[in-house]
Amino acid sequence: LRAMVSPFTEVTVLANARGVGLMSFRRFHIDTRLSRGAALDRMRSLVRAPAPFRLLLTRVPDNGAPFVGDVEGNTFEFRRDIGYRNPLLPQISGTVIETEVGSRVEVEMWMHPLVMFFCTVWMLMALIGLLAFVTKGQSGSAVYALGMIAVGAGIMTLGFVPEAYEARRLITNAFEASTDTTCAN
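Residues numbered from 1 in each chain as written. Predicted model: local features only at pLDDT ≥ 70, side-chain atom pairs only at ≥ 80, totals over all residues. Heavy atoms only, no water.

Engineer: What is the right way to read the overall build of the protein chain from this model?
Structural biologist: The secondary structure content of the protein chain amounts to three helices and eight strands. Starting at the N terminus and ending at the C terminus, the protein chain contains elements arranged as β-β-β-α-β-β-β-β-β-α-α. Per-residue burial over the protein chain gives 41% buried out of 185 residues. Residue pairs at least 24 apart in sequence account for 54% of intrachain contacts in the protein chain once pairs closer than 6 positions are excluded. When the accessible area of the protein chain is evaluated, it comes to approximately 10600 Å², of which 63% is carbon and sulfur surface. (Helix = DSSP H or I, 4+ residues; strand = E, 2+ residues; numbered from the N terminus. Buried < 20%, exposed > 50% of the residue type's maximum accessible area, 1.4 Å probe, protein only. Contact = heavy atoms within 4.5 Å. Areas by Shrake-Rupley, 256 points an atom, 1.4 Å probe, with all protein chains shown as cover.)

Engineer: What exactly am I supposed to notice about the pairing of strand β3 (residues 25-32) here?
Structural biologist: Along a regular strand, successive side chains alternate from one face of the sheet to the other. Burial within β3 is extensive, with seven of its eight residues counted as buried. Bridge analysis of β3 against strand β8 (residues 102-110) gives eight bridges, and the strand direction is antiparallel. Bridging across to β8, F28 finds its partner in V107. (Pairing = 2+ DSSP bridges.)

In structure tokens form, the structure reads like this:
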């Protein structure tokens, strides 16, 4: 899926799967006419440093940055700064690559590995239960296993996908708002 978000920025969204289906991984890139340095500065404006451990229990005043993490060199790694708990919050990383006409911001989002492990175990156990009930001819009990699979898929979808879309929107809007025509040399 390709979309021009402004005359200076083009976003390409590639849906890829890793782990438990399409729910757990997203990848997209943004082609912009901004130089690599300007694109990295744009990414830095979205990110603030994580709070020290002693301040984790209190709300840290932020600089308006929607993400917590860091941008170092050509790479970045962060997550959304939210005021609530969501273990399915996407972990975001990527690189900024210089191109002939500017730069490309490549972004990947995925579930935290421990959450992926738990979700995988949940789904496998429900699937094993379903197979056991079906092979024993207990179709009434198989409905419960199907329900566990549906609940697991629903939790992953409702916890990860909207957060991934919101993160993509925030990142894309940072480049869409640009009318800067700074080009790479």
